[in-house]
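Chain and residue survey
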Amino acid sequence: MRGGGMKRGVRVVVVVVVLSVVWLQLALPQLPHELPGAGAGADSLEPDPSIRGLHNSPMQILMQQLTGSSDASSPAPLTQSQIWEVWERLEDDFSADTIFNLELYGPVLHSTLVIVVQVHNRLEYLRHLIVSLAEVRNIDSALLIFSHDYYDENINKLIMTIDFCRVMQVFYPHTLQLHPVGYPGHTEGDCPRDTNTKIAHDLNCRGNPDLYGHYREPRYTQTKNHWWWKANKVFESVLGPVNHTGLVLFLEEDHYVSEDLLHMLALLSTALPYACPHCSLLTLGNYIKNYNWPADAKKVEISPWLSSKHNMGFAFNRSTWLRIQACGSGFCTHDDYNWDWSLQHISNTCLKSRLYTMVLRAPRVFHIGECGVHHKKKDCSSKLVLNKVYRTLQTARRALFPLKLIIMHAPTKKIKKHKGNGGWGDHRDQELCKSFMLSTGLYSPFVLEPLPPPTSLPPSQELAGLAIDAIPLLNQTNVT
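Computed from a predicted structure; not experimentally measured.

What follows is about the overall build of the protein chain. The number of helices and strands found in the protein chain is 16 helices and 12 strands. Each of the 480 residues in the protein chain was classed as buried or not, and the buried ones make up 51%. Partitioning the contacts of the protein chain with sequence separation of at least 6, the portion at a separation of at least 24 is 81%.

What follows concerns the packing of helix 8 (residues 218–238) against helix 15 (residues 427–435). In contact at an axis separation of 9 Å, helix 8 and helix 15 are set at 15° when each is read in the N-to-C sense. Compared by their axis directions, helix 8 and helix 15 come out roughly parallel. The handedness of the crossing between helix 8 and helix 15 comes out as right-handed. Contact residues: helix 8 offers T221, N225 and W228, while helix 15 offers D429, L432 and C433.

For helix 11 (residues 318–326), the set of buried residues is T320, W321, I324 and Q325. Taken down its axis, helix 11 places every buried residue within 135° of arc, on the same side. On its buried face, helix 11 sits against helix 8, strand 9 (314–316), helix 12 (328–333) and helix 13 (339–349).

Before going further, it helps to spend a moment on a negative patch on the surface. Together, E88, E91, D92, D93 and E449 give the surface a local cluster of negative charge. Relative to the helices and strands, E449 is located in the loop between helix 15 and helix 16 (459–470).

What follows covers unusual backbone geometry. When glycine is set aside, most residues are seen to have a negative phi, and most peptide bonds are trans. Residues Y183 and P184 are joined by a peptide bond in cis, for which omega reads 10°. Residue placement: P184 occurs in the loop between strand 4 (166–171) and helix 7 (197–203). Although it is not a glycine, D97 sits at a positive phi angle of roughly 50°. Looking at the element boundaries, D97 is found in the loop between helix 3 (80–93) and strand 1 (99–100). You can call D97 partly exposed: its relative accessible area is 24%.

Calculation notes
- Residues numbered from 1 in each chain as written.
- Predicted model: local features only at pLDDT ≥ 70, side-chain atom pairs only at ≥ 80, totals over all residues.
- Heavy atoms only, no water.
- Helix = DSSP H or I, 4+ residues; strand = E, 2+ residues; numbered from the N terminus.
- Buried < 20%, exposed > 50% of the residue type's maximum accessible area, 1.4 Å probe, protein only.
- Contact = heavy atoms within 4.5 Å.
- Axes fitted to C-alpha atoms, helices over the stretch in contact; angles between N-to-C directions.
- Parallel < 35°, antiparallel > 145°, perpendicular 65-115°, else oblique.
- Left-handed = near helix turned anticlockwise from the far one by under 90°.
- Arc of directions from axis to C-beta.
- Patch = residues over 30% accessible without salt bridge, like charges linked within 9 Å, V, L, I, M, F, W, Y side chains within 5 Å.
- Areas by Shrake-Rupley, 256 points an atom, 1.4 Å probe, with all protein chains shown as cover.
- Salt bridge = Lys/Arg side-chain N within 4 Å of Asp/Glu carboxyl O.
- Lys, Arg positive; Asp, Glu negative; His and termini not counted.
- Charge placed at Lys NZ, Arg CZ, Asp CG, Glu CD.

Right, dumping it as structure tokens:
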């Protein structure tokens with residue numbers, strides 16, 4: 001273990017023991033001898049001791065910070081004053097790209113493993129992901145980057161308690177939260193989703209219909225633009241200056257990982273030049289419902305990369321990124337609001353050679369999200385899914401950390417041409433997406449920055465604000 005010595009080793013052992021006890025309390029179902037309500041605390045937003053800062057604030061302070069936080073599934077919209085306050089914070093910190101815990105783990109090198117987590121507002125899921133990451137062997141060698149499209153102090157404070165590796169936070173600035181009125185949020189004069197194109201022409205409303213004749217729905221467009229911004233931000237702005245050539249692993253807030261995650265990634269990376277020199281991605285998660293985890297723990301399949309199967313926990317390096325980025329226009333104009341299907345599209349139509357992947361048969365990345373953009377349920381608790389994942393990993397404990405891999409080739413199937421799921425016909429979204437290949441900065445010519453609350457402005461600035469409001473957006477496209 002790095003930077004440790006005997007004291008560091010003892011401290012980590014203590015944390016792991018505490019983590020195991022707390023995890024049992026959080027993940028296991030209520031035992032028969034427990035009184036009703038005894039396990040109620042498991043669904044609260046109290047942080048787990050495993051993610052408490054060993055060198056940072058006491059547990060009691062963090063608990064006070066998170067007590068009473070609202071349900072992230074239905075957050076209240078920000079007022080204009082709150083939007084301006086958040087925007088000012090982003091202005092102060094946006095260009096810093098501060099990496100924390102460098103004093104503990106040293107600088108980021110060209111070969112450092114980078115883990116990027118896309119975060120929205122689901123604190124409970126994120127908390128479980130962080131707990132699982134804390135248990136990963138050799139996690140102290142990685143850089144962990146959280147990319148947000150929702151500003152939440154509870155989430156920020158939670159992340160800042162991490163001290164088991166280097167940590168960084170980046171914030172996608174063109175969010176619906178900060179732009180509820182005006183693009184990329186809802187803009188007055190936009191065509192309603194189901195407007196007939198002839199009626200839209202007569203109304204002279206704004207927008208471009210997708211493949212299925214539907215007009216823009218802001219809530220479905222943010223995720224794809226965030227993913228593309230994040231990839232450009234990480235590879236170019238964050239890792240470009242250090243000439244990074246190592247792997248970048250992509251996760252999401254509702255994932256959960258096994259403790260041999262990095263061990264398996266290292267095995268795959270070592271095997272790739274010999275087992276699959278034409279593979280450019282390594283995939284650690286899958287959606288297989290029936291598998292024998294102990295028997296499949298060593299098995300790896302070689303397959304074309306398919307968005308519906310291989311979009312969870314996949315990694316690639318800068319050389320692969322440059323190939324993908326070169327097809328950025330195709331990614332940004334493909335009429336599909338899903339980033340993974342858009343990546344599939346350029347793999348099939350733009351890249352000189354299709355994306356291939358080595359994928360683990362027994363996953364080391366699990367999806368625990370019960371609710372999100374595509375799924376809404378009455379009970380969004382992660383408890384049942386976590387129970388299943390926990391039992392799976394406990395049953396297969398002896399199969400973790402294999403010393404070798406068994407390489408298999410997936411059956412060859414003809415890849416059908418995918419039309420696109422729509423939701424991405426509006427030219428404003430396409431142009432904003434393409435602009436990220438030039439800049440991932442705070443400001444964009446396609447998005448008006450938030451304005452200060454009127455009461456906080458001197459009269460002269462109030463007039464200036466009105467003048468800015470009167471200027472039409474550069475990217476507004478009327479129906480023709």
